[in-house]
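Observations on chain architecture
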Amino acid sequence: AQSVAQPEDQVNVAEGNPLTVKCTYSVSGNPYLFWYVQYPNRGLQFLLKYITGDNLVKGSYGFEAEFNKSQTSFHLKKPSALVSDSALYFCAVTVLQKLVFGTGTRLLVSP
Amino acid sequence: DSGVTQTPKHLITATGQRVTLRCSPRSGDLSVYWYQQSLDQGLQFLIQYYNGEERAKGNILERFSAQQFPDLHSELNLSSLELGDSALYFCASSPATSGGLNEQFFGPGTRLTVL
């Protein structure tokens, strides 16, 4: 089935350190990939997307993601984590014009 | 604030009942999407409407139905409710017809509890 996988339920990182939230995809053809973030008691917010072009995509709040076709990955990164980045992060892929979300990764940034 | 509004915020009801969730998209957005978020199923796409017409269907049960009105607001109707329907229901909107390429703007959700 065409999908995305987020292998880590939770990622812990200290404030100021770089963070990576992993996502791999399984899609036939060219994937359209997204990252969304969900803060407690809020809806999802769009962070960034990859449709085509440059493999390094820059998004909101200092986040970026790297599309790697050979590894079928689209990991979310940030050079320096903030406590306020603590949230639930979802990777998603377009399948037949519908968004299919991963299971989510909880990011916990400690002071 | 995404500009997408959902009412009510919370809904508590009993098994077998019927409820209606309401969504108002961002000004100018023609597409509305409904999602269900639960602990066991994760975040699942239910259905999309574009300018009043059903555009795409996901894992939506036959007991559930939706519609989009001429003023572009949308309603999700859930009937014969079961305990397993307890979840957070999100509405999202986007300007265009294809949710595949464009970012979606999510509302704050309606938390449904079925007792």
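Look up: the structure comes first, before these words.
Right, let's walk through the structure included here. In this text, all values refer to a predicted model and were calculated from it rather than measured experimentally.

This brings us to the state of the cysteines. What is meant by a disulfide is a covalent connection between two cysteines, made through their sulfur atoms. Under the counting rule described, the total for this entry stands at two disulfides over all chains. The disulfide that involves Cys 23 of chain A links it to Cys 91 of chain A, with 2.0 Å between the sulfurs. Here the disulfide of Cys 23 of chain A and Cys 91 of chain A is left-handed, its torsion about the S-S bond being about -60 degrees. Note that Cys 23 of chain A is positioned in the loop between β3 (19-21) and β4 (24-26) and Cys 91 of chain A in strand β10 (residues 87-95), a separation of 68 residues in sequence. Judged by relative accessible area, Cys 91 of chain A falls into the buried class, the value being 0%. With a sulfur-sulfur separation of 1.8 Å, Cys 23 of chain B is cross-linked through a disulfide to Cys 91 of chain B. Between Cys 23 of chain B and Cys 91 of chain B the disulfide shows an S-S torsion of about -50 degrees. By sign, it is left-handed. Note that Cys 23 of chain B is positioned in strand β3 (residues 19-24) and Cys 91 of chain B in strand β9 (residues 87-94), a separation of 68 residues in sequence. Of the two residues, Cys 23 of chain B and Cys 91 of chain B, both sit in the buried class.

Quick look at unusual backbone geometry now. Excluding glycine, most residues fall at negative phi; most peptide bonds, likewise, are trans. Note that the residue after Thr 7 of chain B, namely Pro 8 of chain B, is joined by a cis bond; omega there is -10 degrees. For Pro 8 of chain B, the location among the structural elements is in the loop between β1 (5-7) and β2 (10-13). For Thr 72 of chain A, which is not glycine, the phi dihedral falls at a positive 45 degrees. Tracing the chain through its elements places Thr 72 of chain A in the loop between β8 (64-68) and β9 (73-78). Positive phi, close to 50 degrees, is recorded for Asn 51 of chain B, a residue that is not glycine. Here Asn 51 of chain B lies in the loop between β5 (42-50) and β6 (53-57).

This part covers the environment of Tyr 61 of chain A. All names here are of chain A. Along the polypeptide, Tyr 61 turns up in the loop between β7 (56-58) and β8. Between the C-alpha atom of Tyr 61 and that of Asp 85, which follows or precedes it by 24 residues, the distance is 8.7 Å. Not counting residues within four places of it along the chain, the set of residues in contact with Tyr 61 comprises Tyr 39, Gln 45, Leu 47 and Lys 78. A polar contact is formed between the side chain of Tyr 61 and the side chain of Gln 45, at a distance of 3.0 Å.

Right, let's talk about the environment of Gln 2 of chain A for a bit. Residue and element names in this part refer to chain A. Note on placement: Gln 2 falls in the segment before β1 (3-5). A residue is classified by how much of its surface remains accessible, and Gln 2, at 32% relative accessible area, is partly exposed. Remark: the alpha-carbon pair of Gln 2 and Val 95, spanning 93 residues in sequence, is separated by 6.8 Å. Among residues more than four places away in sequence, those in contact with Gln 2 are Ser 26, Val 27, Ser 28, Val 95 and Val 100.

Reading guide: rules and limits
Residues numbered from 1 in each chain as written. Chains lettered and ligands numbered in written order. Predicted model: local features only at pLDDT ≥ 70, side-chain atom pairs only at ≥ 80, totals over all residues. Heavy atoms only, no water. Disulfide = S-S within 2.5 Å. Helix = DSSP H or I, 4+ residues; strand = E, 2+ residues; numbered from the N terminus. Buried < 20%, exposed > 50% of the residue type's maximum accessible area, 1.4 Å probe, protein only. Contact = heavy atoms within 4.5 Å. Polar contact = N/O pair within 3.5 Å; in protein donor to acceptor, adjacent residues only side chain to side chain.

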